[in-house]
Amino acid sequence: MPEESPLRLRIEQAGAAVLHRPARAVERSELESADMQRLIDFMFATLKGTGVGLAAPQVGVGLQLVVIEDPPEYHVAVPPDLLAEQERLPIAPHVLVNPTLIIEDATPAEFFEGCLSVDGYRAIVPRARRVRVQALDRSGRTFDRLANGWYARILQHEIDHLAGRLYVERMLPRTFVSAASVTQYWSTLSIAEVKARLA
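Here the structure is a predicted model, which means the values were calculated and not measured.

Thresholds applied
Residues numbered from 1 in each chain as written. Predicted model: local features only at pLDDT ≥ 70, side-chain atom pairs only at ≥ 80, totals over all residues. Heavy atoms only, no water. Helix = DSSP H or I, 4+ residues; strand = E, 2+ residues; numbered from the N terminus. Rg over C-alpha atoms; globule rule 2.2 N^0.38 Å. Buried < 20%, exposed > 50% of the residue type's maximum accessible area, 1.4 Å probe, protein only. Contact = heavy atoms within 4.5 Å. Lys, Arg positive; Asp, Glu negative; His and termini not counted. Charge placed at Lys NZ, Arg CZ, Asp CG, Glu CD. Core = buried A, V, L, I, M, F, W, Y, C linked by side-chain atoms within 4.5 Å. Salt bridge = Lys/Arg side-chain N within 4 Å of Asp/Glu carboxyl O.

(A) Region of the structure containing the overall build of the chain. Looking only at helices and strands, the chain has six helices and six strands in total. Mapped in sequence order, the helices and strands of the chain form the string α-α-β-β-α-β-β-β-α-β-α-α. Whereas a compact globule of 199 residues would reach a radius of gyration of roughly 16 Å, the chain reaches 17 Å, a difference of no more than 12%. By its C-alpha atoms, the chain is 55 × 35 × 30 Å across when sized along the principal axes. Taken across its 199 residues, the chain has 47% of its residues classed as buried. Of the contacts made within the chain by residues no fewer than 6 positions apart, 68% connect residues no fewer than 24 positions apart. Counting 22 positive and 25 negative side-chain charges, the chain places the averaged centre of each group 3 Å from the other.

(B) View of the nonpolar core. Core analysis: the biggest nonpolar cluster contains 29 residues, and Ile68, Leu96, Phe112, Tyr151, Leu155, Trp186 and Val194 have the highest contact counts within it. Of all the elements in the fold, those that place two or more residues in this core are β2 (65-70), β3 (91-113), β4 (121-136), β5 (142-148), α4 (149-162), α5 (179-186) and α6 (191-198). Ranked by residue count, the leading element in this core is α4, at seven residues. If we skip the residues at most four places from it in the chain, Trp186 touches Phe112, Val177, Ser181, Val194, Arg197 and Leu198. Ile40, Ala56, Leu63 and Leu116 belong to the second largest nonpolar core, which has 19 residues in total.

(C) Representation of the pattern of salt bridges within the structure. A complete count under the given rule lists 17 salt bridges for this structure. Here Arg24 and Glu30 are joined by a salt bridge, their closest N and O atoms 2.6 Å apart. Where Arg141 meets Asp137, a salt bridge forms, and the shortest distance between an N and an O atom there is 3.2 Å. Residue classification places Arg141 among the exposed positions, given a relative accessible area of 53%. Linked by salt bridges that have partners in common, Glu113, Arg127, Arg153, Asp160, Arg165 and Arg170 make up one network.

Structure representation (structure tokens):
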């Protein structure tokens, strides 16, 4: 029998109960199961071409599970000066199970942020510049990594999902705009200029 190809899963949108309650920890026996490994594959398939991180609650599963990938091809359309300002570098695909986040440098970094579960919108969200994440990987091995800049932002965003929190709870409220308007009006301006115009 041919191996099952990964499926794209439905993304839950803001208002779905699973997005607004804490996810439960994954048991080690669950992580080793074929069903859990298949879910991870399906989450990566769903993430591909759509974003850089996906938490299990976003696909309707209330578990502390996150997949992350920020491949080089996503960076091509981003101006080099913005990549540098965001401290954004390619991130290989990896899995975080039952992650714990530790703030290493709370200096706020402010950039536009979006979410597959708040489809079609963006807002400026302050995030800590440097964090440490401790978790299990998909094989149950301990994962411990220091993250700066954009990777730190992704981790904070996705781990917020596991606590039942969306970025709209952390955003600068007057900067909540459509994704189309970011492309049309705001993407060529500095964050300081955007904040000044939307204040």
